[in-house]
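# Per-entry structural report
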Amino acid sequence: VGDRADYDSEAKSICPFCGVGCQVSVKVKDGKVKYVEGINGPANEGRLCVKGRFGFDYIHHPHRLTKPLVRRDDAPSKDLDVDPANPWTHFREATWEEALDRAAHGLADLRSYYGGKSVAGFGSAKCTNEEAYLFQKLIRQGFKHNNVDHCTRLCHASSVAALMENVGSGAVTASFNEIENADIAIIIGANPTENHPVAATFFKQFAKNGGKLVVMDPRGQGGLERHAWKNMKFRPGTDVALLNAIMNVIVEEKLYDRQYIEGFTEGFFEFRDHIRAFTPDRMADLCGIDAETIREVARAFADARAGMIFWGMGISQHIHGTDNSRCLISLALLCGHVGRPGTGLHPLRGQNNVQGASDAGLIPQVMPDYQAVTDAEVRDLFRHIWRGTEIDATPGLTVVEIIDRAYRGEIRGMYVLGENPAMSDPDVSHARKALSKLDHLVVQDIFLTETAMFADVILPAAALPEKTGTVTNTNRQVQMVRPAVPSPGEAREDWRIVVDMARRLGLDWDYTHPREVFDEMKMSMFSLHHITWTRLEAEGAVTYPCRGPDDPGQEVVFGDGFPRRAGRARFTPARVTPPAEVPDESYPMILTTGRQLEHWHTGSMTRRASVLDAVEPAANCSLHPSTLRKLGVAPGGMVRLTTRRGALDVMARADRNVAPDMVFLPFAYVEAAANILTNSALDPFGKIPEFKYSAVRVEAAASE
Ligand code: SF4
């Protein structure tokens, strides 16, 4: 960095990576980001992790898209064989006029010939709230249906389904910082040290101050385990068995909060009868946790004055992900651990704006603020705000369903803004084939991603540090994003491109600034009440819900009831469902996928960040040392992973955190794309794929 005082300008903005939403000061010298430091945002209080501090230079990478590209007439067939540094065999540069005309007319032609439902849209949780709002509006208004979704489908869709069903709201009930007021905290199916590192620092501090930290995860985690009061490495896929056994103890020993249950919940008696079968003694073998530990944790959670539950994709990415989340909600309700300081339910959100993009309606079943498309009053409201637009009353298709329809030729065109389904979808060979079959694919992104390689038109977008807008973090904090540097070449902010596309698709949009979009959002989003653009510019962040113009917002909600019928939350019993695919003779081990500290999601940004890429430059998987010994592979050697969907070779690390019958594979590496192997079986409620559990065969690679 050199002299830290030597910079030309600074911009206060938000880290572009995870859902913690750390506030940053971006220091600029000679038109480039020189360094980034944490500032005193409500979530991070000055802290940053390695990604936020050192992962910024992806925006200056030579692979940035700086001009619109269109597919050449003589291009080879659509495939992944495009070199991002030299794409000229497949694409040629175009003016914005030509590219936008071609992009919009291609989608409009499909709309004319085959109907609006021949076109679908994927938006992105990496964009601002205003951009997410405009994108879902474009699909709903321009194509007259709700087939628009984004990556929330792949991370917390099942959590949101359970929260909406049982609590009446899809967001967290308390900020993660509330842990400082708790006595006990359960962290299940999440690895915050790697994936929400700044949140993890608060969790460690909680434990150091004497709080009881319970870490429940089939994959051990070096980071938080050292600080935990109890570590419960349960068998993968047995979440419901374990959680029901814990609740069985609370019910049978009458440790539950009777007054809270009577005052704030419904469905308890049916739930109590259901839970009686799940005794710790019966569940212990199934989940691999001894009955006494289950009892001890149950008693501690129920007896605590204040308890919180945090969860991640280890809970949500299962075909029983909604049931897993239902159990966590029931556990909190049983003990009355909602609505008070130090209590709450908190699904740790993955991308920096997945909360905001979901709030803004980038979901096929609901309009902004989770208002159901099936509700006639909701459709009337949007008909009024959107100048006469009729909203389709049928919930739209989700990410995996859209890709399936594209594979079958029923969806013929897509507009993909900032998503990378050619890397992120389960059974990704199927997804890539589906993308290659599209008659017309428009991709808007900052890099020539794997998905863009299948595109007919590529529109170069601005990165977050080049944008103005708002984003909403895992804590429900709406925060202001401010530009630090100009976009390279002719790249433009996403909202501007979406507006240009909308006009060419026949919509009379006249937005000239994200502030106008935000003001329109407030017309239908009660969650933004008392939050204004002016306030955000001045204060940087306001938490929703917010009770008045001077209220910084409510960090803990539902102390006086829930946004459900009669103000009551609901107990929904959950049954034990096995994974969609269990190990057998041919595929005897369990594959689980996830992220790692240095790389974020499909790697399109972090693998182009020089420091992060230097620390983690190569695709890798983790296996227990005893498994490696059996395979005859030394740490650092290559193994072949094979599932019913495909096979890949990848370097193996020795890792005692992984059980001997498991392999952990990060999904950030295109050269060993984890989703070649994953199963596309879906949770029936959240429609989320089972990324956390596939049957796999592991062998020494042929080169070993
Ligand atoms: Fe960025 Fe998340 Fe790290 Fe904060 S914890 S610096 S938001 S990646």
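Look up: the structure comes first, before these words.
These figures come from a predicted structure and were not determined experimentally. (Residues numbered from 1 in each chain as written. Predicted model: local features only at pLDDT ≥ 70, side-chain atom pairs only at ≥ 80, totals over all residues. Heavy atoms only, no water.)

## Here's the deal with the site of the ligand
Test applied: We define proximity as follows: a residue is near a molecule or strand when any one of its heavy atoms falls within 4 Å of that partner. A helix here means a DSSP run of H or I that spans at least four residues, while a strand means a run of E at least two residues long, and both kinds are numbered starting from the N terminus. Each residue is assigned to one of three groups, with Ala, Val, Leu, Ile, Met, Phe, Trp, Tyr, Cys and Pro labelled nonpolar, Asp, Glu, Lys and Arg labelled charged, and all others, Gly among them, labelled polar.
Taken together, the residues surrounding the ligand are C15, F17, C18, G21, C22, L48, C49, K51, G52, P197 and V198. Residue assignment for the shell around the ligand shows that the elements contributing at least two residues are α1 (50-54) and α7 (197-208). When the residues that make up the shell around the ligand are grouped by side-chain class, the tally is eight nonpolar, two polar and one charged.

## So, the pairing of strand β16 (residues 413-417)
Stated precisely, the cut-off is as follows: Burial classes: relative accessible area under 20% of the type maximum marks a residue as buried, over 50% as exposed, and values in between as partly exposed (1.4 Å probe, protein chains only). In short, DSSP must find at least two bridges between two strands for them to pair.
With respect to burial, β16 is a largely interior element, five of its five residues being buried. In β16, alternate side chains face the same way, and those of G413, Y415 and L417 on one face and M414 and V416 on the other are all buried. Summarising the sheet, strand β6 (residues 119-122) and β16 pair through four bridges and their orientation is parallel. What sits directly across from F122, in β16, is V416. By the bridge criterion, five bridges tie β16 to strand β17 (residues 440-445) in an arrangement that is parallel.

## What to know about the packing of aromatic side chains
Which entries qualify depends on this criterion: Aromatic pairing here means that ring centres of Phe, Tyr or Trp (its six-membered ring) are within 6.5 Å. Orientation follows from the plane angle: under 30 degrees is stacked, over 60 is edge-to-face, and everything else is tilted. Placement of a charge over a ring requires the Lys NZ or Arg CZ to be within 6 Å of the ring centre, with the centre-to-atom vector within 35 degrees of the ring normal.
Counted under the stated rule, the structure contains 18 aromatic pairs. One aromatic cluster is present, built from ring pairs that chain together Y256, F268, F269, F271 and F571. In this structure, K230 is placed above the aromatic ring of W229, and the distance from its NZ or CZ to the ring centre is 5.3 Å. The lysine or arginine in question, K437, covers the ring of Y407, its NZ or CZ lying 4.0 Å from the ring centre.

## Side note on unusual backbone geometry
The amide bond that connects Y544 to the next residue, P545, takes the cis arrangement and shows omega of -5°. Note that P545 resides in the loop between β21 (541-543) and β22 (569-570). Not every positive phi belongs to a glycine, and E45 is a case in point at roughly 45°. With respect to the helices, strands and loops of the structure, E45 is situated in the loop between β3 (32-38) and α1. Unusually for a residue other than glycine, K254 sits at a positive phi of about 55°. Relative to the elements of secondary structure, K254 occurs in the loop between α9 (239-252) and α10 (258-264).

## Observations regarding a nonpolar patch on the surface
Operational definition: What goes into a patch is any residue over 30% in relative accessible area without a salt bridge, connected to like charges within 9 Å or, for nonpolar side chains (Val, Leu, Ile, Met, Phe, Trp, Tyr), within 5 Å. What sets the accessible areas is the Shrake-Rupley method with a 1.4 Å probe; for residues, cover comes only from the shown protein chains. Salt bridge, as used here, is a side-chain nitrogen of Lys or Arg placed within 4 Å of a carboxyl oxygen of Asp or Glu.
Residues F54, V611 and V615 make up a contiguous nonpolar surface patch of roughly 230 Å² in combined accessible area. Take V615: its relative accessible area is 45%, and that puts it in the partly exposed class.

## Things to note about the environment of C327
The line we're drawing: When checking whether two residues touch, look at their non-hydrogen atoms; a contact exists if any pair is within 4.5 Å.
Relative to the helices and strands, C327 is located in helix α15 (residues 321-334). Judged by its relative accessible area of 2%, C327 falls in the buried class. The sequence separation of C327 and G52 amounts to 275 residues, and the corresponding C-alpha distance is 33 Å. With sequence-adjacent residues up to four places away left out, C327 is seen in contact with V240, L243, N244, M247 and A574.

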